[in-house]
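For reference, the chains in residue letters:
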Amino acid sequence: MTVAVAAAGVCSFALLYAPQPLLPQLAAEFGLDPGRASLAVSVGTGALAVAVLPIAVLSELVGRRPVIVASVLASAVLGLLLPLAPSFEVLLVLRALQGVAIAGFPGVASAYLVERLGRAGVAAAVGAMIAGNTVGGMTGRLASGFTTGPLGWHGALAVVGALSLLCALLTVVTLPRSPRPKREQGTFTPAKREQRSPAPTGAGRGRLRSVVGGVVVAVRTPVLLAQYGVALLAMGSFVALYNAAGFRLTGDPLNLSPAVASLVFLAYAMGAVSSVTAGRLVARFGRRRSQLVALAVTALGGALTLPDSLPLVVAGFIVLTAGFFATHAVANGWAAAEAPAHARGQSSGLYTLAYYLGSSVGGTAGSVIYGHAGWGWLIAAVTTWLALAALSCCSPLRRAARFRRG
């Protein structure tokens, strides 16, 4: 299971963010500004955000494993078609389709792990899953960044597509079947009553009502809404900075080559470490404190990148990457642990929707801010978003405390 989920993470996240180091090259070839070039990333993540909840609901009906397998295979095939795009518009269409395909893994993986391992082990399991996703994101970015010089952006995307197809095939071979949901328990009472009916269509309607009821619970629980807010704002901040990083590092006054500039994505190694460590921090200090500290570290990393000093810029990206992935691990694990059993898939889908909606909207908004106002204003915007995420983390806890006192 560990091998399968790690391979799926490498496949999905290598494909999702492979265009990010290529944004300056895409902008130069197609005559785009940074904001429009960033659509090569944002269209994929935006399509993922739109598709993730319907696919999460679908996984409640057909099972988690079939959705994950279809996701990695379809996204890898589309990855091999991207280099053949004759125009930027066609590239965006293929990226949108790829985002929909990729949605099947991140939208379902947390629920799959909880079903396999139980709630007690979810914090460590989600941390390990995010670490694998981090390695995939770093691998895709580095592979495309290093190969764009000799092969161009077409060849760079082809290399990532081939790597992802190998990982997809490994997932298909090794992914265990998830256990059957225990629909006979109390949380699935409507479905149970319908299953006793002699009419098959009644059972289907009861099962659908149970799924829709899970969606309602997932959008009405304050602590879950808070984690969706953290995911939206923190991910938007993170992708905004990395979308603009290529332009900042290859432009004046740093003037690095694309291959050297792509080395900044090695900072993702710190994300793998911090996401695993986050589970231990939660066990020792609690979710709220761990999340607030992680958000503060993310903001500190962004501030370190303000001077036009390459060592400080690199150090800043390392710090903000560590802080962001710790934030994500805490928020994702918190949402998975607090979601009721009958709303687990729906909650996972909503969290992932918020996460990638933040990536799409925040990534493009940050690139527009950078293109028109520069790096300093981008850091100011990101710091504001992270402060709002901290408020989102605290507000439902105060509400719950007032409820208990009442």
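Bear in mind the structure is a predicted one, so any value in this text is a computation, not a measurement.

> Explain the overall build of the protein chain to me, and be specific about the residues and the numbers.
Counting secondary structure elements, the protein chain contains 17 helices and zero strands. Residues counted as buried form 56% of the 406 residues belonging to the protein chain. For the protein chain, restricting intrachain contacts to residue pairs at least 6 apart in sequence, the fraction spanning at least 24 positions comes to 83%. Taken as a whole, the protein chain presents about 15900 Å² of accessible surface, with 69% of it coming from carbon and sulfur.

> I'd like to hear about empty space enclosed by the protein, residue by residue, with values.
Inspection of the entire model under this criterion finds five cavities of 30 Å³ or more. Lining the largest cavity are 15 residues, and of these Phe13, Tyr17, Asn133, Phe325 and Tyr355 sit closest to its centre. The element that contributes the greatest number of residues to the lining of the largest cavity is helix 8 (residues 122-174), accounting for five residues. Class assignment for the residues of the lining of the largest cavity results in ten nonpolar, four polar and one charged.

> Break down helix 6 (residues 88-102) for me, with residues and values.
A rise of 1.5 Å per residue sets the reference length of helix 6, with its 15 residues, at 21 Å; its end C-alpha atoms lie 20 Å apart and thus fit the reference within 8%. Buried residues of helix 6: Phe88, Leu91, Leu92, Leu94, Arg95, Gln98, Gly99, Ala101 and Ile102, and no others.

> Would you mind going over the packing of helix 14 (residues 287-304) against helix 15 (residues 310-338) in detail, with residue names and values included?
Where helix 14 meets helix 15, the axes come as close as 7 Å, and the angle between the chain directions of the two elements is 155°. Judged on the interaxial angle alone, helix 15 and helix 14 are roughly antiparallel. Along this stretch, helix 14 crosses helix 15, giving a crossing that reads as left-handed. Of the residues contributing to the contact of helix 14 with helix 15, the split by class is 15 nonpolar, eight polar and three charged.

> I'd like a description of the side chain of threonine 321, backed by residues and values.
Among the secondary structure elements, threonine 321 is positioned in helix 15. Judged by its relative accessible area of 0%, threonine 321 is buried. Of note is the side chain of threonine 321, whose polar atom sits 2.6 Å from the side chain of tyrosine 242. Discounting chain neighbours no more than four positions away, the residues touching threonine 321 are Phe238, Tyr242, Ala267, Tyr268, Gly271 and Ser274.

> Describe the nonpolar core, and please don't skip the residues or the numbers.
Ranked by size, the top nonpolar core spans 112 residues in total, and within it Phe238, Tyr242, Phe317 and Tyr356 carry the most contacts. The biggest single contributor to this core is helix 11 (residues 222-250), with 17 residues. When residues of this core are assigned to domains, at least three map to each of domain 1 (1-175) and domain 2 (210-398). Filtering out sequence-adjacent residues up to four positions away, phenylalanine 317 remains in contact with Leu241, Tyr242, Ala245, Val264, Ala267, Thr305 and Trp375.

> If you had to explain the confidence of the model for the protein chain to someone new, which residues and values would you point to?
Counting all residues, the mean pLDDT for the protein chain is 82, and 84% of those residues have values of 70 or more. For the protein chain, per-element mean pLDDT is lowest for helix 9 (residues 189-196), which scores 38, and highest for helix 6, which scores 95. Within the model, the stretch residues 181-200 combines pLDDT values under 50 with 19 contacts to residues more than four positions away or in other chains. Low confidence marks residues 400-406, where pLDDT is under 50. Its contacts with residues over four positions away, or in another chain, come to zero contacts.

> For the environment of threonine 174, give the residues involved together with the corresponding values.
Inspection of the secondary structure assignment puts threonine 174 in helix 8. In this structure threonine 174 comes out as partly exposed when scored by relative accessible area, which is 29%. On a C-alpha basis, the gap between threonine 174 and threonine 2 in space is 9.0 Å, while along the polypeptide they are 172 residues apart. Setting aside residues no more than four positions away along its own chain, threonine 174 makes contact with Val3 and Ala4. Among the polar contacts listed, one links the side chain of threonine 174 to the backbone oxygen of leucine 170, at a separation of 2.8 Å.

> With reference to specific residues and values, describe the packing of aromatic side chains.
One pair of aromatic rings is described through two measures. These are the centre distance and the angle between the planes. Considering all chains together, one arrives at 14 aromatic pairs under this definition. Pairing phenylalanine 324 with phenylalanine 325 gives two aromatic rings, centres 5.0 Å apart and planes at 70°, and the pair type is edge-to-face. For phenylalanine 324, a relative accessible area of 1% corresponds to the buried category. An aromatic cluster is present here, built from Phe13, Phe238, Tyr242, Phe265, Phe317, Phe324, Phe325, Tyr351, Tyr355, Tyr356, Tyr370 and Trp375 joined pairwise through their rings.

> Give a detailed account of helix 11, specifying residues and quantitative values.
Under the 1.5 Å per step criterion, the end-to-end length of helix 11 is 43 Å for 29 residues, consistent within 8% with the ideal 42 Å. Of all the bends in helix 11, the largest measures some 35° and sits at alanine 244.

> Can you explain unusual backbone geometry? Please cite residues and give values.
Note that the residue after aspartate 252, namely proline 253, is joined by a cis bond; omega there is 0°. Turning to its location among the elements, proline 253 is positioned in the loop between helix 11 and helix 12 (258-261). In this structure, asparagine 255 takes a positive phi of about 55° despite not being glycine. The residue asparagine 255 is located in the loop between helix 11 and helix 12 in this model. Judged by its relative accessible area of 46%, asparagine 255 is partly exposed.

So, how was this worked out
- Residues numbered from 1 in each chain as written.
- Predicted model: local features only at pLDDT ≥ 70, side-chain atom pairs only at ≥ 80, totals over all residues.
- Heavy atoms only, no water.
- Helix = DSSP H or I, 4+ residues; strand = E, 2+ residues; numbered from the N terminus.
- Buried < 20%, exposed > 50% of the residue type's maximum accessible area, 1.4 Å probe, protein only.
- Contact = heavy atoms within 4.5 Å.
- Areas by Shrake-Rupley, 256 points an atom, 1.4 Å probe, with all protein chains shown as cover.
- 1 Å grid on protein atoms, 1.4 Å probe; cavity = no way out; pocket = protein on both sides within 12 Å on 5 of 7 lines; lining within 4 Å.
- Points joined across faces, edges and corners; volume = space filled by probe spheres on them.
- Nonpolar A, V, L, I, M, F, W, Y, C, P; charged D, E, K, R; others polar.
- Expected span 1.5 Å × (residues − 1).
- Axes fitted to C-alpha atoms, helices over the stretch in contact; angles between N-to-C directions.
- Parallel < 35°, antiparallel > 145°, perpendicular 65-115°, else oblique.
- Left-handed = near helix turned anticlockwise from the far one by under 90°.
- Polar contact = N/O pair within 3.5 Å; in protein donor to acceptor, adjacent residues only side chain to side chain.
- Core = buried A, V, L, I, M, F, W, Y, C linked by side-chain atoms within 4.5 Å.
- Domains from an automatic or database assignment.
- pLDDT = per-residue confidence, 0-100.
- Phe/Tyr/Trp six-rings, centres within 6.5 Å; stacked < 30°, edge-to-face > 60°.
- Bend = angle between axes of the 7 residues up to and from the residue.

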